[in-house]
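Here are the chains, one letter per residue:
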Amino acid sequence: MPLEKKNSIDYVMETASGPHFSGLHSLTAAASPFSDVNAPNQPFVIGVSGGTASGKTTVCDMIIQQLHDHRVVLVNQDSFYRGLTAEESKCVHKYNFDHPDAFDTEQLLDCVLTLKSGQSVQVPIYDFKHHQRSSDSFRQVNASDVIILEGILVFHDQRVRNLMNMKIFVDTDADLRLSRRIRRDTVERGRDVSSVLEQYAKFVKPAFDDFILPSKKYADVIIPRGGDNHVAIDLIVQHIQTKLGQHDLCKIYPNTYVIQSTFQIRGMHTLIRDKEISKHDFAFYSDRLIRLVVEHGLGRLPFTEKQVITPTGSIYTGVDFCKKLCGVSIVRSGESMENALRACCKGIKIGKILIHRDGDDGRKLIYEKLPKDISERHVLLLDPVLATGNSANHAIELLIQKGVPESHIIFLNLISAPEGIHCVCKRFPSLKIVTSEIDAALNGEFRVIPVKPSSIFLSTEQFVSLTDKNPSSGSPILYRTARVFTAVSSYELYIKRNGTGTHLVRLHFSPFKAQNFNLASAKFDVLANGFLLLRGFSAYNLVLKEFLLRVDGEVLEIMFSPLGNSGFAFVCAIEVFSAPKDFIIDDGARLINDDGFLVFESAAKKAATTLPLREF
Ligand SMILES: Nc1ncnc2c1ncn2[C@@H]1O[C@H](COP(=O)(O)OP(=O)(O)O)[C@@H](O)[C@H]1O
Ligand SMILES: O=c1ccn([C@@H]2O[C@H](COP(=O)(O)O)[C@@H](O)[C@H]2O)c(=O)[nH]1
């Protein structure tokens, strides 16, 4: 069959037999071919060592402060002091706290390995005054992006060193360290100066020379003057941020860009993923996130240099935006990104692609409405969730068939799954993907649907609201207004959480004349979640149409598609009622007619129109 025919709306609608899914399909982790990349990102482990009172804790605090947009946990080697036995406690001044054996290194190893595996741990609490661990309390340390392991001997054991991605040695003058130690131990640890000096001479200094200083060679970075060295700390933080900001997939596919994560962005993601979020907040925060993605995507467009004269008469050399641009949303969910795109690019042209699954064999049908000159434009392809990537690939293929160079396509997502990134980037290496978060992987429970769950959401701005100025007497108010759509437009109705079930859709059409529109001359198709409800429909009188259809999910999309010369569609009112789940008998429904009866199989997967009541 010629492609033209295959892509025609008629063909799509004729052959449509199942509901449309937005491309978000669940895969079990086991089924995923990308298990290596899907494994949760390993935390970045930083080891910080140095002599006593060198400023290790101070440096760690400064790093944590600057890494404010990441989850960072600090693990102190001190927490793993074994604690003294009753016998040892009696002559504490003979105990060497600076020898590697003073620590339970096996427990420390376990702790870091557990945190690296993404689990939380209970870290012991050590009391320096009594040289004991607390017997009944622990500090809960949660899994995080960065683990900082700090202590005088954290570089001593090779197994601990091997867990570190970065090793920092804080190098502070010995005299300064001693003076700090005297002050700290007398003020904070209840010691007297002579015992501090005695311990220092007997254990602390020799252990520094024997174990700590020799471990300096393992350091990747040496920070002279500890916390006073702001330049070194800034450089370290920048390096960590680069490492963290770069998702593994961005290293594999350099054309994948994840917008820089901040607490604000993580906070917004936390909100929109919270099943308790209100509709209003969901719409507000997802829109904020989408705008960030759109702005980032626009930043990936080519630009030309431009000079302007400022009000003070000087020349400002800047850049000029790329003008040949358009948005294309993958219907249905992509439309939720259109407003953000319009807010950023005034008057931008927006096209639509509907990917329609044809049966269960994976075949797809495509309906499109794209700007005629799309081949000359850079395309921002919109779909908030990149899941398996199948729908995206169909949409991209279509754009390329329309003459858009692959490198002129920027695919914007709110949330991307690794499967989707692999699927799209492997096939289209020159295209760019911009996303605000890459999820761990798709799994059975992963069903983020970032469409705006407002009770009803109109996806277009190309509509006109009409009012009948001369209504016939007694005409209900419902029929005195209408919405006219001059382009493919859809309403998204958020039904309820997991609204799977049968719904009655009622459409009201009352043709009147207003402004330059004669509603009786409108000719259009109406689709609901991909089902063709009305084909080539015109309303010459007041018409009420009812349909029963099953909705799998939370969103019911009703789409109006103007046809032929009329160039517009209209509707006066839409009503949706929920029916009991088993309202339509799935198998065995029969239509009795003169020739016998017709048996319907999988009736619930089809749309049914109700028949007008007649008087006999
Ligand atoms: N740059 C600095 N200037 C002044 N005091 C400092 C500085 N760095 C650390 N200190 C002080 O020295 C003591 C030991 O510092 P700390 O960071 O706890 O070292 P460590 O963790 O290496 O034992 C603390 O009392 C701290 O306030
Ligand atoms: O019960 C204890 C345990 C340890 N110490 C001393 O503490 C330092 C290590 O901590 P820093 O914060 O790195 O200075 C070590 O030199 C031990 O001597 C102690 O005095 N009593």
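Data block above holds the structure.
Here the structure is a predicted model, which is why all the values come from computation and not from measurement.

Draft legend 1. Spotlight on the overall build of the chain. Across its full length, the chain holds 16 helices and 33 strands. Every one of the 616 residues in the chain was classed for burial, and the buried ones make up 50%. Once local pairs closer than 6 in sequence are excluded, the contacts in the chain between residues at least 24 apart make up 74%. Here the chain displays about 30,100 Å² of accessible surface, and carbon together with sulfur accounts for 52% of that area.

Draft legend 2. Just the nonpolar core, in detail. F509, L519, F524, F560 and F570 are the most contacted members of the largest nonpolar core, which has 35 residues in total. For this core, the elements supplying multiple residues, two or more each, are β20 (481-485), β21 (489-494), β22 (501-509), β25 (524-528), β26 (531-537), β27 (543-551), β28 (555-562) and β29 (569-571). By size, the runner-up hydrophobic cluster in this structure holds 34 residues, among which are V45, C111, V121 and L149.

Draft legend 3. Examining the site of ligand 2 more closely. Taken together, 17 residues sit near ligand 2, with T52, D98, Y126, H131 and R181 positioned nearest. The side chain of H131 places a nitrogen or oxygen atom 2.8 Å from an oxygen atom of ligand 2. With respect to ligand 2, the side chain of R184 contributes an N or O atom lying 2.9 Å from an oxygen atom. Compared with its free state, where it exposes 470 Å², ligand 2 has 98% of that area covered by protein. Elements represented by at least two residues in the shell around ligand 2 include exactly α8 (174-187) and α9 (193-212). When its residues are assigned to classes, the shell around ligand 2 shows seven nonpolar, three polar and seven charged.

Draft legend 4. Structural detail: the packing of helix α15 (residues 390-401) against helix α16 (residues 418-427). Interaxial distance between α15 and α16 falls to 9 Å at its minimum, and their mutual angle equals 25°. Between α15 and α16, the crossing angle belongs to the class labelled roughly parallel. Helix-helix and strand crossings are classified by hand; for α15 and α16 the assignment is right-handed. For the pair α15 and α16, contact is made by N390, A392, N393, I396 and E397 and by C423, V424 and R427, respectively. Looking at the contact of α15 with α16, its residues break down into four nonpolar, two polar and two charged.

Draft legend 5. Up close: α16. Counting buried positions along α16 yields seven of ten residues, so the element is predominantly enclosed. Restricting attention to buried positions, one finds in α16 the residues P418, E419, G420, I421, H422, V424 and C425.

Draft legend 6. View of the site of ligand 1. The full set of residues close to ligand 1 is G51, A53, S54, G55, K56, T57, T58, E150, R180, R184 and D228. Residue K56 places a main-chain N or O atom 2.8 Å away from an oxygen atom belonging to ligand 1. With respect to ligand 1, the side chain of T58 contributes an N or O atom lying 2.5 Å from an oxygen atom. Contributions of two or more residues to the shell around ligand 1 are made by α4 (56-66) and α8. No other element matches α4, which puts three residues into the shell around ligand 1. Here the residues of the shell around ligand 1 are counted per class, giving one nonpolar, five polar and five charged.

Draft legend 7. Local environment of the packing of helix α12 (residues 263-273) against helix α13 (residues 279-298). α13 packs onto α12 with a crossing angle of 140° between their chain directions and a minimal axis gap of 9 Å. When the axes of α12 and α13 are compared, the pair comes out oblique. Crossing handedness for the pair α12 and α13: left-handed. Residues Q264, I265, M268, H269, L271 and I272 of α12 pack against F282, Y285, S286, R288, L289 and L292 of α13. Class assignment for the residues of the contact of α12 with α13 results in eight nonpolar, three polar and one charged.

Draft legend 8. Spatial organisation of the pattern of salt bridges. Per the stated rule, a full pass over the model turns up 23 salt bridges. R181 is the salt-bridge partner of D185, the closest N and O atoms lying 3.0 Å from each other. Linking D185 with R181, this pair stays in helix α8, spanning four residues, or about one helical turn. According to the relative accessible area criterion, R181 is buried, its value standing at 6%. Of the charged contacts, one joins E575 and R506 as a salt bridge, the two residues approaching to 3.3 Å between their closest N and O atoms. Within this pair, whereas E575 is found in strand β30 (residues 573-578), its partner R506 is found in strand β22, the two being separated by 69 residues in sequence.

Draft legend 9. Main features of the sheet that holds strand β5 (residues 146-150). Read across the sheet, five strands follow the order β2-β5-β1-β6-β7 without closing on themselves; strand pairing throughout is parallel. One side of each edge strand has no neighbouring strand; the edge strands of this open sheet are β2 (72-76) and β7 (221-224). On average, adjacent strands in this sheet sit at an angle of 20° to one another, irrespective of strand direction. By the bridge criterion, five bridges tie β2 to β5 in an arrangement that is parallel. Bridge pairing links N76 to E150 in β5. Set on the sheet, helix α6 (residues 105-116) makes contact with β1 (44-50), β2 and β5; between it and β5 the angle comes to about 165°.

Draft legend 10. View of the packing of aromatic side chains. The tally for this structure, following the rule as stated, stands at 15 aromatic pairs. On the basis of an interplanar angle of 50° and a centroid distance of 4.7 Å, the ring pair of F509 and F537 is categorised as tilted. In this pair, F509 sits in strand β22 while F537 sits in strand β26, placing the two residues 28 residues apart along the sequence. As far as the burial class goes, F509 and F537 line up, both buried. For R177, the ring lying beneath its charged end belongs to F208, and the centroid distance is 4.2 Å. Directly above the ring of Y257 sits R300, whose terminal nitrogen or CZ lies 3.7 Å from the centroid.

Draft legend 11. Representation of the pairing of β25 within the structure. With five of five residues buried, β25 is to be regarded as a mostly interior element. The alternating pattern of β25 places F524, V526 and A528 and D525 and L527 on opposite faces, both of which are buried. The sheet contact formed by β25 and β26 spans four bridges and is antiparallel. Counterpart to F524 in the pairing with β26 is F537. With antiparallel pairing between neighbouring strands as the criterion, β25 and β26 make up a hairpin whose turn holds two residues, including N529 at a positive phi of roughly 45°. Bridging between β25 and β28 involves five bridges; their strand directions are antiparallel. Its bridge partner lying in β28, F524 is registered against P562.

Calculation rules
Residues numbered from 1 in each chain as written. Chains lettered and ligands numbered in written order. Predicted model: local features only at pLDDT ≥ 70, side-chain atom pairs only at ≥ 80, totals over all residues. Heavy atoms only, no water. Helix = DSSP H or I, 4+ residues; strand = E, 2+ residues; numbered from the N terminus. Buried < 20%, exposed > 50% of the residue type's maximum accessible area, 1.4 Å probe, protein only. Contact = heavy atoms within 4.5 Å. Areas by Shrake-Rupley, 256 points an atom, 1.4 Å probe, with all protein chains shown as cover. Core = buried A, V, L, I, M, F, W, Y, C linked by side-chain atoms within 4.5 Å. Near = heavy atom within 4 Å. Polar contact = N/O pair within 3.5 Å; in protein donor to acceptor, adjacent residues only side chain to side chain. Nonpolar A, V, L, I, M, F, W, Y, C, P; charged D, E, K, R; others polar. Axes fitted to C-alpha atoms, helices over the stretch in contact; angles between N-to-C directions. Parallel < 35°, antiparallel > 145°, perpendicular 65-115°, else oblique. Left-handed = near helix turned anticlockwise from the far one by under 90°. Salt bridge = Lys/Arg side-chain N within 4 Å of Asp/Glu carboxyl O. Pairing = 2+ DSSP bridges. Phe/Tyr/Trp six-rings, centres within 6.5 Å; stacked < 30°, edge-to-face > 60°. Lys NZ or Arg CZ within 6 Å of the ring centre and 35° of its normal.

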